[in-house]
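# Observations on the model geometry
Listed here are the chains, written in short residue letters.
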Amino acid sequence: MKFYIATDHAGLDLKDYTVELLKDKGHEVIDLGPFSRDRVDYPDYAVSVCKAVLADNNSHGILICGSGIGMSMAANRHSGIRAALCHDAYTATVARGHNDANVLCFGERIIGKGVCESIVDAWIGGSFEGGRHTGRVEKIEAIH
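Every value quoted in this text rests on a predicted model; they were computed, and no experiment measured them.

Quick notes on the rules
- Residues numbered from 1 in each chain as written.
- Predicted model: local features only at pLDDT ≥ 70, side-chain atom pairs only at ≥ 80, totals over all residues.
- Heavy atoms only, no water.
- Phe/Tyr/Trp six-rings, centres within 6.5 Å; stacked < 30°, edge-to-face > 60°.
- Lys NZ or Arg CZ within 6 Å of the ring centre and 35° of its normal.
- Helix = DSSP H or I, 4+ residues; strand = E, 2+ residues; numbered from the N terminus.
- Buried < 20%, exposed > 50% of the residue type's maximum accessible area, 1.4 Å probe, protein only.
- Contact = heavy atoms within 4.5 Å.
- Salt bridge = Lys/Arg side-chain N within 4 Å of Asp/Glu carboxyl O.

### Details of the packing of aromatic side chains
Note on aromatic pairs: each is described by the distance of the centres and the angle between the planes. Taken as a whole and assessed by the stated rule, the structure comprises zero aromatic pairs. When the ring centre of Trp123 is taken as origin, the NZ or CZ atom of Arg96, which lies over that ring, is 5.3 Å away.

### Quick word on the environment of Cys65
With respect to the helices and strands, the residue Cys65 is situated in strand β3 (residues 59–65). Owing to a relative accessible area of 4%, Cys65 belongs among the buried residues under this scheme. Remark: the alpha-carbon pair of Cys65 and His9, spanning 56 residues in sequence, is separated by 7.3 Å. In contact with Cys65, not counting residues within four places along its chain, are Thr7, Asp8, Ala10, Gly11, Gly70, Met71, Phe106, Gly107 and Glu108.

### Some remarks on the pattern of salt bridges
Tallying each qualifying case throughout the model produces 10 salt bridges. Ionic pairing is found between Asp56 and Lys2, a salt bridge with its closest N-O pair at 2.7 Å. Pair noted here: Asp56 is in the loop between α2 (42–55) and β3 and Lys2 is in strand β1 (residues 2–7), with a separation of 54 residues, a long-range link. For Lys2, a relative accessible area of 22% gives the class partly exposed. The residue Arg39 makes a salt bridge to Asp41 at a minimum N-O spacing of 3.0 Å. You can call Arg39 exposed: its relative accessible area is 64%. Among the charged side chains, a network of salt bridges with common partners joins Lys2, Glu28 and Asp56.

Written out as structure tokens, the structure reads:
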């Protein structure tokens, strides 16, 4: 899989961990920053990832901030983006399977590295189930 990833200053450590985790699992990762602890605004990085995901079919995004809330809110402002704030493997599995989420969000202040890995593994292992969920995803897309 191909992933675009970004954070704000509050998620830098978990972003760096996630980049290496994905690379170790054989995935392509494009790190869109930031690369220092200087204060930045999360919406700017959400825009970068969302634009990249929308321009690159079959890619996925990962957005991290302190809680994951701000990133998920900013990401979901983009038509065609279905960003899911996940706190565990179950929410990541359902986000992929039922909601066809294309951007994964989580918070460094909420989860640790072990939970991060289980979320990423669930995301990678999942796929959209279609069926009864297709119409619901179509309704989400029609909102924009």
